[in-house]
Each structure stands twice: as C-alpha cells, then as structure tokens.
Amino acid sequence: MPEFCGIELDHPVVNASGTYDAIAARRVFGDELFGDFPFSAFVSKTITPEARAGNEPRRIWETPAGMINSIGLPNKGLDGFLAEDLPQLAELPVPLIVSAMATNREDFSRMVAGVAARDEVAAIELNVSCPNVHSGLIVGEQPGETEALLEALRPLTGKPLIVKLTPNVANPEAVAVAAEEGGADAVSLINTLKASALDPATGKPAIAAGHGGLSGPAVRPIALQQLRAVRAAVEIPLVGMGGISSGADAAEFIAAGATLVAVGTESFRDPQAGSRIAKELETEMSRVPARVQALHLE
Ligand code: SIN
C-alpha cells in the first residue's frame, strides 16, 4: 500500500486532473462504479475563483498517438464547487485531491483557504500553468514566481500542496526546486505540451482556441525524461504522468522515481483504464526485480 504525503492509498494509480468526470461516471454507472473505482485517489478538474464556461468547440483534436485539447477550464468556480461538486466527490470511495488555479496570489490564497477548510479534501494540487495578471508571466514557467506563490500559500494549510509542473520550460527541475523550497509537499508532472494542428478541411487551427496541450503516448518519453531530471533535483515525492497506457508504462515511471502515477488520455479510450493499469503494474512490480529494487532505493 503506497503512502503519499501521509495519505494511505490502495495502489499507486490516480487520475490526471480533468481527464475523468467522476460525477458523470456515477450518473452513468451508478454505485457500481464504487465497487471497482479506477483510481486510488481522485484529482478534481481544476477549479478557478469564478465560474467559467470554457472554450468554444472544437476543444479536442486527435493526433498520432495522442490528442490536443484546449477545454478552457470550464467549472463552477470556488463557491459553486464547494456547494455542488464537493459533496458528490466526497462520496467517492477514495481520498479527494482538489486541483486549483488562479491568476493572482490573493485569489489563489482564497481558493486554497476555502478548499483546505473542508474535511473532505485530502490534498490540493496547484495548477500553475496560468499567467500572473500582475506580471503577465506563466507562474509555473518561472522558478521565482513559483516559489513566491508557495510561500504565500504554505502558511494557509497543513494539508499537502502538490505543484503540477508544466513541461513547457527548458529546466522543469529548476521550477521543482523552487516549489520544494517554497514549501510544496510534492510535485506532479507533466502537464500537457504546447501544440497545434490544422484542420485539413479548412486549413485553420483544428481547435477553436488556436492551440492547446498535447497528451497521450506521444509525450511519454518526454515526460519520463523530465521526471528523471526532477527526481535528481528534489527530495519530495513525485506523481508521474504523460501517456501512461499500461502497467509496463507505469512501472517505468515508478522505477524512475515516481511514488504515484496518473492516467489521463487513456481514460478517454477506456474509462476503467486506471484499474487495469493498477493490476498490470502489480504484476510488473512482482516479476521484474530491478524495478522492485528501484522502488526500495527511493
Ligand atoms: C483546459 O483547457 O481545461 C485544461 C488546461 C489545464 O488544466 O491546464
């Protein structure tokens, strides 16, 4: 049973934020969903201070071995989330991690304080792939901005703070170090890679926002390399993700130093992928001694 930031989990496979709608899944599958819930903890879709409608369609475009998305963070806002979604997510049979984003420190602080005050929440993931409205800089691309944000948020809660790293930087390990120095309990990586595609029928951008983020097996070797670089730079636990589609993929991330792995794009193809990958991972870990060894060296 893995332990992550003081939280006991049944297995090391969680979902990547925004890739599995547990409330909709329960509507479709009913309480049967709880009998074989695909993840050992549930990470919510990112919430923002105010409600957002999200982007115009088209929001998703398939690419070879992956997909580009720009959904635009549709959500009910902090108050709507706390009133409507949180009570439903709290009924899931696994610990809840809430993903939050804001464009200035004051709003981020309000989000973290509001979410952390709820007993139903086990941990908070900070989505820092957003601009700071004051500086115009993407927080997660700047070690200084990331550290300053963590220093502002750290005193607000004793609950684990996980920083979701963007891969769209030359040195993600520098941002990871800044997060750790600011007081983060863990980092998760990678978020999606900046990407574009043109619709051959129109010659125009395939998704309405013009560009989006690439995920899926296409990004897996990049994710693994960034995870290795970050593992060498920080002591805090890592959640590894990026195109994980099988237990063998997950075992690579664990051997490279991840405590947990997250499944994202694969869940769109197979909503039970998390359970399958967790079972395959168990088999992988028991029959490949080198990987088990790597785990014990952690
Ligand atoms: C979205 O466009 O909704 C996803 C962006 C993100 O979570 O960073």
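Whatever comes next refers back to the structure up there.
Everything numeric in this text was worked out from a predicted model, so none of it was measured.

The next subject is the sheet that holds strand S10 (residues 186-189). If you trace the eight strands from one edge of the open sheet to the other, you get S3-S14-S13-S10-S9-S8-S7-S4, paired in parallel fashion. Of all strands in the sheet, those with a lone pairing partner are strand S3 (13-15) and strand S4 (42-43), marking the two edges. Across three bridges, strand S9 (residues 161-164) lies against S10 in parallel orientation. Paired with Ile162 across the strands is Ala186, a residue of S10. Against the sheet, helix H4 (residues 105-116) engages strand S7 (96-100), strand S8 (121-127) and S9, with an angle of about 165° to S8.

Moving on: the sheet that holds strand S6 (residues 66-69). Here four strands make up an open sheet; going across it, the order is S5-S6-S12-S11 and the pairing antiparallel. The sheet terminates laterally at strand S5 (60-63) and strand S11 (193-195), the two strands that pair on one side only. For this sheet, the mean inter-axis angle between neighbouring strands, taken without regard to orientation, is 35°. Looking at chain direction, S6 and strand S12 (residues 212-215) are connected through three bridges and run antiparallel. Within S12, the position partnered with Ile68 by the bridge is Leu214.

For residues besides glycine, phi is generally negative; the peptide bonds are generally trans as well. Of the consecutive residues Pro57 and Arg58, the connecting peptide bond is found in the cis state with omega at 0°. Considering the arrangement of structural elements, one finds Arg58 in the loop between S4 and S5. The residue Cys5 is not glycine, and still its phi comes out positive at about 50°. Within the fold, Cys5 resides in the loop between strand S1 (3-4) and strand S2 (7-8). Given the relative accessible area of 22%, Cys5 is considered partly exposed. At Ala65, a position not held by glycine, the phi torsion is positive, near 60°. Its place among the elements puts Ala65 in the loop between S5 and S6.

With that settled, consider the packing of aromatic side chains. Inspection of the entire model under this criterion finds five aromatic pairs. Pairing Tyr20 with Phe42 gives two aromatic rings, centres 6.4 Å apart and planes at 70°, and the pair type is edge-to-face. Linking Tyr20 in the loop between S3 and helix H1 (22-29) with Phe42 in strand S4, this pair joins segments that are 22 residues apart in sequence. The exposure class of Tyr20 is buried, given its relative accessible area of 8%. Take Phe42: its relative accessible area is 3%, and that puts it in the buried class. Between Phe37 and Phe39, the aromatic rings sit 6.1 Å apart at their centres with planes inclined by 80°, giving edge-to-face as the arrangement.

Definitions and cut-offs
- Residues numbered from 1 in each chain as written.
- Predicted model: local features only at pLDDT ≥ 70, side-chain atom pairs only at ≥ 80, totals over all residues.
- Heavy atoms only, no water.
- Pairing = 2+ DSSP bridges.
- Helix = DSSP H or I, 4+ residues; strand = E, 2+ residues; numbered from the N terminus.
- Contact = heavy atoms within 4.5 Å.
- Axes fitted to C-alpha atoms, helices over the stretch in contact; angles between N-to-C directions.
- Buried < 20%, exposed > 50% of the residue type's maximum accessible area, 1.4 Å probe, protein only.
- Phe/Tyr/Trp six-rings, centres within 6.5 Å; stacked < 30°, edge-to-face > 60°.

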